[in-house]
Amino acid sequence: MGRLVQLLLLAFLMPGLAILLPPRLKALSNLHLSTSFTSRSSIVMKYSIHYMEQKIDHFGFNNEKTFKQRYLIADQHWRKEGGSVLFYTGNEGDIIWFCNNTGFMWDVAEELKAMLVFAEHRYYGQSLPFGADTFQDPKHLNFLTSEQALADFAELIKHLKRTIPGAENQPFIAVGGSYGGMLAAWFRMKYPHMVAGALAASAPIWQFEDLVPCGVFMKIVTMDFKRTCPNCSENIRSSWGAINRLTRKSTGLDWLSKALHLCTPLKNAQDVQHLKDWISETWVNLAMVDYPYESSFLQHLPAWPIKVVCQYLKNSNLSDKELLQNIFHALNVYHNYSGQATCLNMSETSTSSLGSLGWSYQACTEMVMPFCTNGVDDMFEPFLWDLKTFSDDCFKQWGVKPRPSWITSMYGGKDISSHTNIIFSNGDLDPWSGGGVTRNITDTLVAIIIPEGAHHLDLRANNAFDPMTVLLARSLEVKYMKQWIRDFYASLRKKD
């Protein structure tokens, strides 16, 4: 299950995730391209694409090299009088993909008179500091850190205020989901003069060191399946033993390859471990995107996909072969709901719009989030978190050693009560909520819990099938944002 730990860290590639960007800006000196697009959505998403020259290293003085950071702008509803700017702190993937999956910001833009600005995270999408050679030399990756990304956002906000008439004296609000939500919270903490507040959706800022138990993530995944049908999680727990028993012989490898309709047949024990990691990641992804309506975030999925999956795993007292045949039907819901695939590809678990290389490096340096399982409180094979093994694997892959305590040293861990104006929202179905802030810390560091909510459901567009809980959460988030905007303009008036 060692590979699964990195896969769990890579699961952030969806996560959470929402990045946006807007339209109308006149030709600026650093504007590389400005175009308008419309996404496939009930909301018309028109935005323009821009590029800004950023320093590769914000914290050194001997390196003046730069790269072009991509960002999007949408200003259809922006008003120069009494308006605001919603600034998405981009995370690990192509920003246009995030844009197409983040309807909340578009939904509230008119009400908040807001310009939408979403910045692409360095080393992802088209924002590659060393172009095509970015991932060819590990030395090029030395500048892939959350601190450098936050500095990019700060420089971009300064640039926008300087170059867009009317933006200078308006409140900016950071918004992000998953890793982007962590960045939104950290941005408010480190650059409180840049943003009036932050909405950090599904942001597991405490999933580090021993701030939360390492098994909490997989325990929540298991509960998502168990609450749908107790036999569902039990059958998944039993499936690992069934796989192990069947694959002890070559005939079992062949049978299982055919039963699961795998594109690449299983040949040895290493392939079997890869299979189990892939299956585990499938269950994790289903827990994250257990949305109440049909969606295509990671894969094309039905409404409440875990409920659909568990229809195939509700029977008990099955033989090993019967159980694994049912496991195939369950896997098929996630990997082939459209029915177009002729076989299941173990190298694919989610959209290619996510930056797996970049996130793998970040997980091996500062984004070190421990995971473990015991097979009792969860439905997975037992696995102990072993930092040394993890560190050795990272060194083999990237030539670096992780710094597991750096994030808590940099951003404070649980000692964050001195900060203000951050909303931490978490759905109770989301496994990442186990590492999130789920209780109010102060009157201005508030937690919003969303029953029946999966990974950053509140950042997705309004949908007729949304549970009332997420509608209330969004309403409360907007209420806080309006208060931040009022406070910002009130402080401006005092200065005049």
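Residues numbered from 1 in each chain as written. Predicted model: local features only at pLDDT ≥ 70, side-chain atom pairs only at ≥ 80, totals over all residues. Heavy atoms only, no water.

### Quick notes on the overall build of the protein
Cut-off, in case you're wondering: Secondary structure elements follow DSSP: runs of H or I no shorter than four residues count as helices, runs of E no shorter than two count as strands, and numbering proceeds from the N terminus. When a residue's accessible area, from a 1.4 Å probe over protein chains only, is under 20% of the maximum for its type it is buried; when over 50% it is exposed; and in between it is partly exposed. Contacts are assigned to residue pairs with any non-hydrogen atoms lying within 4.5 Å of each other. Method for areas: the Shrake-Rupley scheme with a 1.4 Å probe, in which residue coverage is limited to the protein chains shown.
Scanning the protein for helices and strands turns up 15 helices and eight strands. Within the protein, the fraction of its 496 residues that count as buried is 59%. In the protein, of all internal contacts separated by at least 6 residues, the share reaching a separation of at least 24 is 74%. In the form shown here, the protein has an accessible surface area of approximately 20300 Å², with 50% of it arising from carbon and sulfur atoms.

### Some remarks on the state of the cysteines
Keep this limit in mind: Disulfides are defined in this document as cysteine sulfur pairs within 2.5 Å.
Going through the model one piece at a time under the given rule, you end up with four disulfides. At a sulfur-sulfur separation of 2.1 Å, the disulfide partner of Cys-232 is Cys-310. Between Cys-232 and Cys-310, the S-S torsion sits near -75°, and that sign places the bridge as left-handed. Placement of Cys-232 in helix H7 (residues 230–246) and of Cys-310 in helix H10 (residues 305–310) is noted, with a sequence separation of 78 residues between them. Residue Cys-232 is classed as buried on the basis of its relative accessible area, which comes to 0%. On the basis of relative accessibility, which here comes to 2%, the residue Cys-310 falls in the buried class.

### A word on the confidence of the model for the protein
Segments scoring low in pLDDT should not have their predicted coordinates read at a detailed level. For clarity, the threshold we go by: One number per residue, pLDDT, summarises how confident the predictor is, and it ranges from 0 to 100.
In the predicted model, the protein carries a mean pLDDT of 90, and the fraction of residues at 70 or more is 90%. Contacts for the low-pLDDT stretch residues 10–41, under 50 throughout, to residues beyond four places or in other chains number 154 contacts.

### With respect to the pattern of salt bridges
Rules: Salt bridge, as used here: a side-chain nitrogen of Lys or Arg that lies within 4 Å of a carboxyl oxygen of Asp or Glu.
One pass over the full model with this rule turns up 15 salt bridges. Here Glu-120 ties to Arg-70 by a salt bridge, and the two come within 2.7 Å at their closest N and O atoms. Here the residue Glu-120 occupies a position in the loop between strand E4 (114–119) and helix H4 (146–163), and Arg-70 occupies one in strand E2 (residues 66–74), the gap between them amounting to 50 residues. Each member of the pair, Glu-120 together with Arg-70, is buried. Connected through salt bridges with shared partners, the residues Arg-70, Asp-94 and Glu-120 form a single ionic network.

### Observations concerning the side chain of Arg-474
With respect to the helices and strands, Arg-474 occurs in helix H15 (residues 468–495). On the accessibility criterion, Arg-474 (5% relative accessible area) is buried. Sequence-distant contacts of Arg-474, defined by excluding residues within four places in its chain, comprise Phe-104, Leu-457, Asp-458, Arg-460, Ala-461, Asn-462 and Asp-466.

### Re the environment of Pro-230
Mapping Pro-230 onto the fold places it in helix H7. Distance in space between the C-alpha atoms of Pro-230 and Lys-314 is 7.8 Å, their sequence separation being 84 residues.

### Regarding the packing of helix H8 (residues 250–259) against helix H11 (residues 320–335)
Our working definition: Only C-alpha atoms enter the line fits that serve as axes; for helices the fit covers just the stretch in contact. Angles between N-to-C directions range over 0 to 180 degrees. In the scheme used here, Gly and all other residues not listed as nonpolar or charged are polar, with Ala, Val, Leu, Ile, Met, Phe, Trp, Tyr, Cys and Pro taken as nonpolar and Asp, Glu, Lys and Arg as charged.
With their axes 9 Å apart at the nearest point, H8 and H11 run at an angle of 35° to one another. Note on element contacts: H11 touches H8 through Lys-321, Leu-324, Gln-325 and Phe-328, opposite Trp-255, Leu-256 and Ala-259. Residue classes in the contact of H8 with H11 are distributed as five nonpolar, one polar and one charged.

### Thoughts on the packing of H7 against helix H9 (residues 269–288)
Axis angle and axis distance: for two packed helices, these are the angle between their axes and the distance between the axes, and together they describe the pair. Keep this limit in mind: These descriptions rest on fixed angle ranges, namely under 35 degrees for roughly parallel, over 145 for roughly antiparallel, 65 to 115 for roughly perpendicular, and the rest for oblique. For any helix crossing, the convention is left-handed if the near helix is rotated counterclockwise from the far helix by under a right angle, and right-handed if that rotation is clockwise.
Two numbers describe how H7 lies on H9: the axes approach to 11 Å, and their chain directions differ by 165°. Put simply, H7 runs roughly antiparallel to H9. For the pair H7 and H9, the sense of crossing is right-handed. Within the contact between the two elements, H7 uses Ile-236, Trp-240, Ile-243 and Asn-244 and H9 uses Val-272, Lys-276, Ile-279, Ser-280 and Trp-283.

### Re the side chain of Ser-360
Put simply, the rule is: Identification of polar contacts relies on pairs of N or O atoms within 3.5 Å, with a donor-acceptor requirement for protein atoms, meaning one able to donate a hydrogen and the other able to accept it, and with residues adjacent in sequence counted only if both atoms are side-chain atoms.
As for its placement among the helices and strands, Ser-360 is situated in helix H12 (residues 356–363). With a relative accessible area of 9%, Ser-360 lands in the buried category. Separated by 3.1 Å, the side chains of Ser-360 and Trp-398 make a polar contact.

### Topic: a nonpolar patch on the surface
Filter applied, for reference: What goes into a patch is any residue over 30% in relative accessible area without a salt bridge, connected to like charges within 9 Å or, for nonpolar side chains (Val, Leu, Ile, Met, Phe, Trp, Tyr), within 5 Å.
Residues Met-468, Leu-471 and Leu-472 make up a contiguous nonpolar surface patch of about 290 Å² in total accessible area. Mapped onto the secondary structure, Leu-471 falls in helix H15. Owing to a relative accessible area of 33%, Leu-471 belongs among the partly exposed residues under this scheme.

### Some words on the packing of aromatic side chains
Centre distance and the angle of the planes are the two values used to describe a pair of aromatic rings. Stated precisely, the cut-off is as follows: We call Phe, Tyr and Trp rings a pair once their centres come within 6.5 Å, taking the six-membered ring for Trp, and we label the pair stacked below 30 degrees between planes, edge-to-face above 60, and tilted otherwise. The criterion for a charge sitting over a ring is simple: Lys NZ or Arg CZ within 6 Å of the ring centre, and within 35 degrees of the ring normal.
By the definition in use, this model includes 19 aromatic pairs. Judged by centre distance (4.7 Å) and plane angle (70°), the rings of Phe-217 and Trp-432 are edge-to-face. Residue Phe-217 is found in helix H6 (residues 216–228), and its partner Trp-432 is found in the loop between strand E7 (422–427) and strand E8 (445–450); the two are separated by 215 residues along the sequence. An identical accessibility class is assigned to Phe-217 and Trp-432; each is buried. Among the aromatic side chains, those forming a connected cluster through ring pairs are Phe-87, Phe-153, Phe-187 and Tyr-191. Here the guanidinium or amino end of Lys-414 rests over the ring plane of Trp-206, the centre of that ring lying 5.0 Å away. Between Arg-460 and the ring centre of Phe-297, over which it is positioned, the NZ or CZ distance is 5.7 Å.

### Quick word on unusual backbone geometry
One non-glycine residue with positive phi stands out, namely Lys-113, at about 50°. Considering the arrangement of structural elements, one finds Lys-113 in the loop between helix H3 (103–109) and E4. Unusually for a residue other than glycine, Ser-178 sits at a positive phi of about 65°. For Ser-178, the location among the structural elements is in the loop between strand E5 (172–177) and helix H5 (179–190).

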